[in-house]
Each structure stands twice: as C-alpha cells, then as structure tokens.
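Observations on the model geometry
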Amino acid sequence: MGGDFFFRLPSLGLLKVAALTPPDWHLTIIDEKVETLDLNAEADLVGITAMTTTVTHGYALADHFRRRGIAVVMGGMHVSQLPEEALQHCDAVVVGEAENLWSAVLADFEQRRLRRLYGHENGLPALDSLPLPDWTLYRPKKYLPVHFVETTRGCPLDCEFCSVTNAFGGSYRNRPVEQVLAELSGLRRFEGFLTLKDIVFFVDDNIVGNRAYARELFARLADLKIRWFGQASVNIANDPQVLQLCQKSGCAGIFIGFESLSTKTLAEMGKRVNRPQNYLELVKRIHDHGIGIDGSFVFGFDTDDDGVFDRTLEFTLRAKLEVAYFSILTPYPGTRLYNRLAADDRILTRDWTLYDANHVVYRPRPFTPDRLLDGYYATLRSFYACGSILKRLWGSRSYKNFFYPMNFGFQQSVRKLYRAYEQGTLRIPTSAPGSRSDLASLSEPG
Ligand code: B12
Ligand code: SF4
C-alpha cells in the first residue's frame, strides 16, 4: 500500500549519513518525494539512497550524474543486497550501515582513490555514540509533521519475507537511553519542531524486542511529554507492566505485524511470536490502554487460500483496528523468500519498480496472480471506505487527531491506486525482463 500521503515522510538514513559527514563538506539533501531535483546542480560527489522499489530511478540518476563527470556513491537497503548490480551505475557502494564507513569513503574520494565497495568486515557498528541527526536540514521541506528517531537496530526473528535481519543483523542493538532522550530534547529546542501537532516515529522494527530496555526507555520518555508512534510485536500486550509504561510514555499508536490469521502461514514465514488465536484479546488489551493500532497483513503466502481476503477484512473490522496496512507478498532481494522463489523459478519480473507491494511479481500458489490482485484491492477499498473508518474509530480511546487524518490520507492514496488498478495500469508481469530503466525520462545535462 503506498501513495502520495504515505510517502511524504523524511528519510532518517540520509540524515544519519549527513551527521557522519565532516563539517568542511558543504552538504545538501534533496528528497524527490517533496521537491524537484535540479539535474544541472553542481556537486563534487553525489550520494543516493534507495529501497528496491525506487532503485531503478536511483540508477537513472546515478547514470545521469556520472555522465556529467560527477562521482556517485550509493547506499541503502537494495544496493546493499545487490552491490554488483549497483556498480553498473555508480562509482562506489556502501554495503549496510554508513557508520564506520562514510568517513573512509569521503577521505578516499578526496585522495582520488575511491574503492568500489565499502562494507563491515569487522562486525556491525555499535550504536553507543551515533552523532545526532540535524533536522534543520529538512526544515523547509514539506513533510508530514513526523520526526523519525531510532533506538534499536536489528531483529532476531528473520521472518522469511523481511529484509531486516539480513540487513541489520540478528540481534537487537540498542542505543543508550540517555542519547535517545538527548536527541528528543534537541528536537524540541528547534523553534517549530516537535510542537503539539508533531509526532515522533520510532523506526525500530520492534521497540519492545529487548524488554528491559523498553521498560527503561518508556519510563524515561514519560517526562518528555511527547506523543509517539512505533512498531512492536503483538506480544507487547502479554506484559502488563510494559504496556502500562508504554501508555504513560505518550504512545499514540503502534504498528503491529500480524501478517496473517493462519497459524500454518505464520509457521511458514517463521514468525514464531504470533498466535492468531490470541489476536483479539491482545488487541483489546492494547486498546484498553488508549493505544491505537496500525495492523499489517500480507497476502499471497503459499498456505493462503481464497478466503484469506474476507477473513482478514472481517478481523480488522471486528478488532476495530484504527489503521491497517495490507501488502501483496513481495520477494525483496536478500530475503529468504527471494532465494526460495528464485530457486523455484517463481519470480516473474526483476523490474524493481514493481516491487512496491501493490503488484504481483512472483507466481503465487493458492490462486492466480489476478485473483491475488483482485482480493488485495477489494480489501483495501473496503477497509478505507468512509463507513468502515467511522465504525472503526467510533468509541476508540486512541488519539483521534492522529488517526482520522491518517485514515482519510490513506483513503486518498487507496482511491488513486484503485483507479490505476481498474484502468489495468497495475499489470501482472508475465515474463521476467531485466530491470526497466527510466533513463529516458531524465533530461540531458545542460
Ligand atoms: C520508516 C520506514 C519507511 C517510511 C519512510 C521511508 C524513508 N523515507 O526512509 C515509509 C513509511 C514511507 C516507508 C515506506 C516503504 N517501505 Co519502509 N521502512 C521503514 C523502516 C521501518 C525504517 C527506515 C529507517 O529509517 N531505518 C533506519 C535508517 C538509519 O536506516 P537506513 O535508511 O537503511 O540507512 C542506513 C543505511 O542503509 C545506510 N544508507 C542508507 N542510504 C544511504 C545512502 C548513502 C549514500 C550511504 C553512504 C549510506 C546509506 O546508512 C544509513 C545509516 O546507517 C524500514 C525498516 C528498517 N529497519 O530500516 C522499512 C523498510 C526500509 N521499508 C521497506 C518497504 C518494503 C517499504 C515500502 C515498499 C512498503 C510499501 N509496501 O509500500 C514503502 C516504499 C516507500 C518508497 N517508495 O520509498 C523495506 C525495504 C525492503 C527493500 N529491499 O527495499 C524495509 C526494510 C522493511 C522490511 N521489513 O523489509 N518505509
Ligand atoms: S517482520 Fe518484524 S519480526 Fe519479522 S524479521 Fe522483520 S522486523 Fe523482525
């Protein structure tokens, strides 16, 4: 599920890279989600970040700047998995986290000895002294009023479809609570930042993965009186103390990866912590603490059946989820899912632009690609219909000033997507062509 509303969010990754850049570099961040990139801009070095779905455009930009004689370094989730592919378009790739690597890239560039690959040969970076991101770099940009902060990296669960364990490691690395608090207090000091309408989004994949850490963090957050949103596993509701501290800390809502209502499907993907028979009870406990829920569900697993769409929709309505995030199963490079489907020759296309979870890019087992697409769009449309929004939020004790705009924002995105679906623009690939290049859409350098 994607669209305009959803995309107007800042990139924390680039702010982190900016924070690692020595002060004698003059640095500008351009985010094409909210502004236009001047293709004739002057630069000594261009850095590009991309996820899989945006990487084709990233490659086109890299080609463009290199044609102009400007060196290009790429980083981020996709190129870290497929550095050889990226090196066809850029001068160097930073594989994984920029910490401990970026300063070497810049030094090598200055000495004209840029290497092709930079990676973590001696383990992943510790998070105990990360430089604080400078949000003033984003000040004039027209983002939604959200600030991203991280407290943790990594996840031990390694669910088959997810990129996180492979990218950030199989354990939780935590930042010292003190530093997280310093970052949040710093945000507050900027005039106009972290006002009441702003919200902090903790990008951690599971903010309660390390319970002792979560308890300390939540207890200390309470003093700051912020409102925050984050991601947690559903078993947050099994720990009454954590849940209570979470409420007191200013949690407005949590994104929960329910993924599926089938025990068999959850076993297939390896998400061992989820027990669907307890979902309704756990949701109720979270709601009783005034915390809203954005539930995430994925369609297209091998153990799904034709009834999966209706069952999932019914659950989301019964549970009165404030928001739900539906996706079509997508095999991102580097995941166990990608490797399995590739080995079975079930990947239909490597046109990365279609890897946005709104398209079917692999051969599903339980139904045809058309049925998967139909079921997905029907679910999206029903969930974000006005009647559904009102019913779900009616009587909810969650922070409605946040969830109403979020629902109506998603509704706009869903309508746009649905139009594309009806017009047949969201086609199903039938063969496996190479990555499409949108080079042609870029004007030549002046
Ligand atoms: C917040 C978030 C979002 C936000 C904001 C995204 C943004 N603008 O950054 C929103 C909600 C918009 C979003 C949307 C989507 N997301 Co998202 N998102 C995340 C999440 C939870 C955190 C991202 C983050 O801030 N991480 C922390 C920062 C510090 O890490 P980082 O960005 O990777 O940057 C570090 C390194 O990668 C590197 N680096 C990054 N860029 C560069 C560039 C250079 C030059 C250098 C040197 C280094 C470098 O250095 C940084 C510091 O160490 C991640 C999960 C995760 N743990 O990362 C998923 C994740 C990135 N998202 C994912 C996906 C699939 C999506 C969507 C396709 C979902 C969908 N169905 O629509 C969309 C695509 C949006 C789009 N078109 O761009 C996948 C990506 C898989 C992939 N291979 O691409 C992830 C990994 C989730 C997952 N479980 O698999 N997402
Ligand atoms: S889906 Fe969530 S729990 Fe599973 S590996 Fe990814 S981040 Fe961890």
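Residues numbered from 1 in each chain as written. Chains lettered and ligands numbered in written order. Predicted model: local features only at pLDDT ≥ 70, side-chain atom pairs only at ≥ 80, totals over all residues. Heavy atoms only, no water.

**Brief notes about the sheet that holds strand β1 (residues 45-49)**
Read from one edge to the other, the open sheet built from four strands follows the order β1-β2-β3-β4, with strand pairing classed as parallel. With partners counted over all chains shown, the strands left at the sheet margins are β1 and β4 (117-118), one partner each. Bridge analysis of strand β2 (residues 71-75) against strand β3 (residues 92-94) gives two bridges, and the strand direction is parallel. Pairing of Val-73 across the sheet is with Ala-92, part of β3. On the sheet, helix α3 (residues 55-67) packs against β1 and β2 and is oriented at approximately 160 degrees with respect to β2. (Pairing = 2+ DSSP bridges. Helix = DSSP H or I, 4+ residues; strand = E, 2+ residues; numbered from the N terminus. Contact = heavy atoms within 4.5 Å. Axes fitted to C-alpha atoms, helices over the stretch in contact; angles between N-to-C directions.)

**A word on the sheet that holds strand β11 (residues 292-299)**
With respect to topology, six strands assemble into an open sheet ordered β5-β8-β9-β10-β11-β12, the strand pairing being parallel. Of all strands in the sheet, those with a lone pairing partner are β5 (146-149) and β12 (323-328), marking the two edges. Each strand of the sheet is rotated relative to its neighbour by a mean of 20 degrees, with strand direction disregarded.

**Brief notes about the site of ligand 2**
Neighbouring ligand 2 are Cys-155, Leu-157, Asp-158, Cys-159, Cys-162, Thr-165, Asp-205 and Lys-271. Of the residues contributing to the shell around ligand 2, the split by class is four nonpolar, one polar and three charged. (Near = heavy atom within 4 Å. Nonpolar A, V, L, I, M, F, W, Y, C, P; charged D, E, K, R; others polar.)

**A closer look at the side chain of Thr-52**
Note on placement: Thr-52 falls in the loop between β1 and α3. Beyond its immediate stretch of four places on either side in the chain, Thr-52 contacts His-78, Tyr-332, Pro-333, Trp-352 and Tyr-355.

**Topic: helix α12 (residues 279-288)**
Those residues of α12 lying buried are Tyr-279, Leu-282, Val-283, Ile-286 and His-287. The buried residues of α12 occupy one face: seen down the axis, they fall within an arc of 140 degrees. For α12, the elements touching its buried residues are α10 (240-248), β10 (251-259), α11 (263-269), β11 and α13 (308-318). Following α12 by one or two positions, Gly-290 has its phi on the positive side, about 75 degrees. (Buried < 20%, exposed > 50% of the residue type's maximum accessible area, 1.4 Å probe, protein only. Arc of directions from axis to C-beta.)

**Some details on the domain arrangement of the chain**
Domain boundaries assigned for the chain yield domain 1 (4-118) and domain 2 (145-422). Computed over C-alpha atoms only, the centres of domain 1 and domain 2 are separated by 27 Å. Listed per partner, the contact involves 18 residues of domain 1 and 26 residues of domain 2. Both faces combined, the contact of domain 1 with domain 2 buries some 1900 Å², and carbon together with sulfur accounts for 61% of it. One can count four salt bridges joining domain 1 with domain 2. Inspection of the region where domain 1 meets domain 2 yields six residue pairs in polar contact (both at pLDDT 80 or more). For the side of domain 1 that touches domain 2, the secondary-structure elements that each account for two or more residues are α1 (4-7), α2 (12-19), α3 and α4 (77-81). A class-by-class count of the residues in the side of domain 1 that touches domain 2 yields eight nonpolar, five polar and five charged. (Domains from an automatic or database assignment. Buried area = accessible area lost by both parts, 1.4 Å probe. Salt bridge = Lys/Arg side-chain N within 4 Å of Asp/Glu carboxyl O. Polar contact = N/O pair within 3.5 Å; in protein donor to acceptor, adjacent residues only side chain to side chain.)

**A short note on the packing of aromatic side chains**
Taken as a whole, this structure holds 31 aromatic pairs when the rule is applied. Ring centres 5.2 Å apart and planes at 50 degrees place the aromatic pair Phe-148 and Phe-201 in the tilted group. Note that Phe-148 is positioned in strand β5 and Phe-201 in strand β8 (residues 199-202), a separation of 53 residues in sequence. Each member of the pair Phe-148 and Phe-201 is classed as buried. Over the ring of Tyr-399 we find Arg-227; its NZ or CZ atom is 3.7 Å from the centre of that ring. (Phe/Tyr/Trp six-rings, centres within 6.5 Å; stacked < 30°, edge-to-face > 60°. Lys NZ or Arg CZ within 6 Å of the ring centre and 35° of its normal.)

**Here's the deal with the packing of helix α15 (residues 369-383) against helix α17 (residues 400-422)**
The interhelical angle for the contact between α15 and α17, taken along N-to-C directions, is 150 degrees, at an axis separation of 10 Å. If you check the angle between α15 and α17, you find them roughly antiparallel. Along this stretch, α15 crosses α17, giving a crossing that reads as left-handed. Contact with α15, carried on its side by Leu-373, Asp-374, Tyr-377, Leu-380 and Arg-381, involves Val-414, Leu-417, Tyr-418 and Tyr-421 of α17 and no other residues of that element. For the contact of α15 with α17, a count of residues per class yields seven nonpolar, no polar and two charged. (Parallel < 35°, antiparallel > 145°, perpendicular 65-115°, else oblique. Left-handed = near helix turned anticlockwise from the far one by under 90°.)

**Description of the pairing of β8**
The two faces of β8 match: Ile-199 and Phe-201 on one face and Val-200 and Phe-202 on the other face are all buried. Across four bridges, β5 lies against β8 in parallel orientation. If you follow Val-149 over to β8, its bridge partner there is Phe-202. Bridge analysis of β8 against strand β9 (residues 228-232) gives two bridges, and the strand direction is parallel. When the sheet's bridge partners are listed, Val-200 is paired in β9 with Trp-228. Chirality of the crossover, the property in question, places the unit of β8, helix α9 (residues 211-221) and β9 among those that are right-handed. (Right-handed = clockwise from strand over helix to strand, strands pointing away.)

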